[in-house]
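Each chain, written out:
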Amino acid sequence: LDVSGGDWLIAPEYDDIIRDELGRSYRNGTVFVRSGAQVFLLVDGEQVGEAYEDARPFADGWAAVKKNGTWGFIDREGVVQIEYQFEDARSFGQHLAAVKVDGKWGYVSLKGEMAIEPSYLDAKSFSAGSAPVRTEAGWRFITLLEYEEGTGL
């Protein structure tokens, strides 16, 4: 609700909003909303693109979305930037996103290249240079040894 004018910024017609691992849902004017079994992208309150099965909130300019049973990544206009090919996916963090391939988790870059090969039982998003991953021995942190701004890695 816009408190200054009393108008709805997003009409109260949706069942839920999509949140990330930390409970965040809104970033740079974007939010994913659920209506029944469908998920829609709203940009500045207006629906953009098509319906999805599921989604993760935007980070680093892209969002993971599920369509026809597989996950890919779209930009703010709803244009596919990394093709639908993953069993599951998380939001980007520090230009890497956790993705599931053949039952294992690894990390893909903004260029769509596998930066860390899938070898983990589970994986979360990178933050402050590290990401929690689950191995046979339990949860551990992996750390980026070198991060160069603007390179995608």
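Keep in mind the model is a prediction, meaning the values are calculated, not measured.

All told, the structure shown has eight salt bridges when counted by the stated rule. Between Asp54 and Arg34 there is a salt bridge whose closest N-O contact spans 3.2 Å. Residue Asp54 is found in strand 5 (residues 54-55), and its partner Arg34 is found in strand 2 (residues 30-35); the two are separated by 20 residues along the sequence. Between Lys67 and Glu50 there is a salt bridge whose closest N-O contact spans 2.2 Å. Of this pair, Lys67 sits in strand 6 (residues 63-67) while Glu50 sits in strand 4 (residues 46-52), and the two are 17 residues apart along the sequence. Overlapping salt bridges, with partners in common, bring together Arg34, Asp54, Arg56 and Asp88 in one network.

Judged by pairing direction, the sheet is antiparallel, and its four strands sit side by side in the order 9-10-11-12 without closing on themselves. Single-partner strands in this sheet number two, and they are strand 9 (88-93) and strand 12 (114-120). Strand-to-strand twist of the sheet, defined as the mean angle between neighbouring strand axes without regard to direction, takes the value 20°. As judged from the four bridges shared by strand 9 and strand 10 (residues 96-101), these two strands associate in the antiparallel manner. Residue pairing in the sheet places Asp88 in a bridge with Lys100 of strand 10.

What holds strands together in a sheet is hydrogen bonding between their backbones, with the strands either parallel or antiparallel. If you trace the four strands from one edge of the open sheet to the other, you get 5-6-7-8, paired in antiparallel fashion. Strands with a single pairing partner mark the edges of an open sheet, and in this sheet they are strand 5 and strand 8 (80-86). Of the pairings in the sheet, the one linking strand 6 to strand 7 (residues 70-74) comprises five bridges and is antiparallel in character. Bridged to Ala63 within strand 7 is Ile74.

Definitions and limits used
- Residues numbered from 1 in each chain as written.
- Predicted model: local features only at pLDDT ≥ 70, side-chain atom pairs only at ≥ 80, totals over all residues.
- Heavy atoms only, no water.
- Salt bridge = Lys/Arg side-chain N within 4 Å of Asp/Glu carboxyl O.
- Helix = DSSP H or I, 4+ residues; strand = E, 2+ residues; numbered from the N terminus.
- Pairing = 2+ DSSP bridges.
- Axes fitted to C-alpha atoms, helices over the stretch in contact; angles between N-to-C directions.

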